[in-house]
Amino acid sequence: MRFIFYQSTFLKGIPKSFTTVAELIKFVTMVIFTCSGQHSAVNAGQYDYGGWMPNCPMTLELPPPTTKGETSEATMLQTFPDINTTVQGMATLWLLSKKSSD
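Residues numbered from 1 in each chain as written. Predicted model: local features only at pLDDT ≥ 70, side-chain atom pairs only at ≥ 80, totals over all residues. Heavy atoms only, no water.

Caption draft 1: Structural context of the confidence of the model for the protein. Mean pLDDT over the protein: 81, with 88% of residues reaching 70 or higher. Helix H2 (residues 46-50) is the least confidently modelled element of the protein, averaging 84 in pLDDT, while helix H3 (residues 73-79) averages 91, the highest of any element. This model gives residues 1-10 a pLDDT under 50, and the stretch forms 21 contacts once residues within four places in sequence are excluded. (pLDDT = per-residue confidence, 0-100. Helix = DSSP H or I, 4+ residues; strand = E, 2+ residues; numbered from the N terminus. Contact = heavy atoms within 4.5 Å.)

This is the structure in structure tokens:
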């Protein structure tokens with residue numbers, strides 16, 4: 001398994017060994033940041049965007065349109081998922097984006 005840390009120049013995954021204490025400190029700091037602050041920043045607002053189903057449908061009943069501007073309202077309504085799939089997807093997204101209670 002490889003970890004990529006986007007906030008640093010360290011983009012080669014987990015090193016085989018650390019040669020200095022400074023390298024170890026840098027690596028542990030990046031792991032802590034990625035698993036806490038960055039994760040929270042990326043996921044906290046996902047319901048605000050994806051909670052409105054047309055922004056982020058969980059499934060599609062038809063393939064997505066390939067040509068911009070040629071889709072009708074009827075085609076969109078046929079493409080979007082049914083109400084039960086939408087409700088399950090929104091509930092899952094809400095649960096994943098809510099703040100932890102502990």
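Caption draft 2: Summary view of helix H4 (residues 83-97). Taking 1.5 Å per residue, 15 residues should reach 21 Å; H4 reaches 21 Å between its end C-alpha atoms and fits that length. For H4, the set of buried residues is Thr86, Gly89, Leu93 and Ser97. Within H4, the buried residues cover an arc of 70° as seen down the axis, which keeps them to one side. Projecting away from the buried face of H4 at angles above 90 degrees are the exposed residues Asn84, Gln88 and Leu95. Looking at the buried side of H4, the elements it contacts are helix H1 (21-43) and H2. In this structure aspartate 82 caps H4, since a side-chain oxygen of it lies 3.1 Å from the backbone nitrogen of asparagine 84. (Expected span 1.5 Å × (residues − 1). Buried < 20%, exposed > 50% of the residue type's maximum accessible area, 1.4 Å probe, protein only. Arc of directions from axis to C-beta. Polar contact = N/O pair within 3.5 Å; in protein donor to acceptor, adjacent residues only side chain to side chain.)

Caption draft 3: Inspection of the environment of methionine 90 at higher detail. Looking at the secondary structure, you find methionine 90 in helix H4. Residues methionine 90 and proline 57, spaced 33 residues apart in sequence, show a C-alpha to C-alpha distance of 9.1 Å. If sequence neighbours within four positions are ignored, methionine 90 has contacts with Tyr47 and Gly51.

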